Amino acid sequence: MYLKDIVANYLPNIKVKNNFLVIGITGNIASGKSTFADYLRQELLKTFPDEKIEIISTDDFLFSNSYLHQHNLFDKKGWEQSYDIKKIDAFFDSLIKKNYSLLKGRYSQKHGDMMENIQIINQPTVLILEGTMALTAMFSRFINYSIYLEVDLLTNYNWFKKRSLENLSSKIEYQHLDEYEAINVIYAVWEKINIKTFYKYIEPNKNKANLCIELDANHQIKYYNERKFDLICC
């Protein structure tokens, strides 16, 4: 079943109950989740131009770097303890009860930290939630339909390295490094944090996804597999 069909099938129920559909997108760090979420939003808007389709990231619920450093959690950034559970619960509680929520803070991949942006989510028809932790218990309880993006780990590392090098000058802790030093640090982060995060929080949840999509080195869909599911909405 295409994602457009899923939205179309549940749109009347969403309208009657004044509710919204949550589509979760997960996958490893730098696996193309944000790009896919943007693509999905644009495709859905072509079919449903009058509907409000919003995107937020699980990263928007991370504690700031300063908080993580103060609590000796920076080396566990991206793990469950680095997320603000109260903020997650408050955001979704408001959205479910009022169909409106204010999200204070947005994570910047460029700066590698929380920025003081305010996101207003007001009466969405579809909320796309993308992030590495989307299918963990922190967020999966709010998701109606989920997508898992899979990329072979070597390609995935190359994407992560490319993104990290592009954003190097924007991250305070890495600004003093030359490219050779930076690549060594990037590899260390990948091995000591990212791979552990993948095997601890991401890959174990693959079987929970309704749709698994395998991407090739050019970000194109190589293979997909949709599982049968009972979508509980509204």
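Report follows, based on the coordinates.

Parameters at a glance
- Throughout this description, residue numbers start from 1 for each chain and increase along the sequence as written.
- Side-chain atom pairs in this predicted model are given and counted only at pLDDT of 80 or more, local residue features only at pLDDT of at least 70, and totals for whole chains, interfaces and linings cover all residues.
- Only hydrogens and water are removed before side-chain values are computed, so all heavy atoms of the structure are retained for them.
- Secondary structure counts use DSSP, requiring at least four H or I residues in a row for a helix and at least two E residues in a row for a strand, with both numbered from the N terminus.
- Under the convention used throughout, the expected extent of a helix is 1.5 Å for every residue step, that is, one less than its residue count.
- We call a residue buried when its accessible area falls under 20% of the maximum for its residue type, exposed when it is over 50%, and partly exposed in between, using a 1.4 Å probe and counting protein chains only.
- Directions are taken from the helix axis to each C-beta atom, and the arc is the one they span.
- In protein, a polar contact means a hydrogen-donor-capable atom and an acceptor-capable atom, both N or O and within 3.5 Å, with residues adjacent in sequence counting only if both atoms are side-chain atoms; elsewhere, any N or O pair within 3.5 Å suffices.
- To pair, rings of Phe, Tyr and Trp, with the six-membered ring standing in for Trp, must have centres within 6.5 Å; the planes then decide the type, stacked if under 30 degrees apart, edge-to-face if over 60, and tilted in the middle.
- Only when the NZ atom of a Lys or the CZ atom of an Arg is both within 6 Å of the ring centre and within 35 degrees of the ring normal do we say a charge sits over the ring.

Over its 14 residues, helix H4 (residues 85-98) extends 20 Å from the first C-alpha to the last, a length consistent with the 20 Å expected when each residue adds 1.5 Å. All buried positions along H4 are accounted for by Lys87, Ile88, Phe91, Phe92, Ser94 and Leu95. Looking down the long axis of H4, one finds its buried residues gathered within 155° of arc, a one-sided arrangement. Residues of H4 that are exposed and angled more than 90 degrees away from the buried face: Lys86, Lys97 and Lys98. The opening residue of H4, the one whose side-chain oxygen lies 3.3 Å from the backbone nitrogen of Lys86, is Asp84.

Here the focus is the packing of aromatic side chains. On inspection of all chains with the given rule, the structure shows 12 aromatic pairs. Seen from their ring centres, Tyr157 and Tyr187 are 5.8 Å apart, and the 90° between their planes marks the pair as edge-to-face. On the criterion of sequence distance, the pair formed by Tyr157 in helix H6 (residues 153-166) and Tyr187 in helix H7 (residues 179-202) is long-range, its members being 30 residues apart. One aromatic cluster is present, formed by Phe61, Tyr83, Phe91, Phe92, Phe139 and Phe142 through successive ring pairs. Sitting above the plane of the Trp79 ring, Lys200 keeps its charged end 5.7 Å from the centroid.

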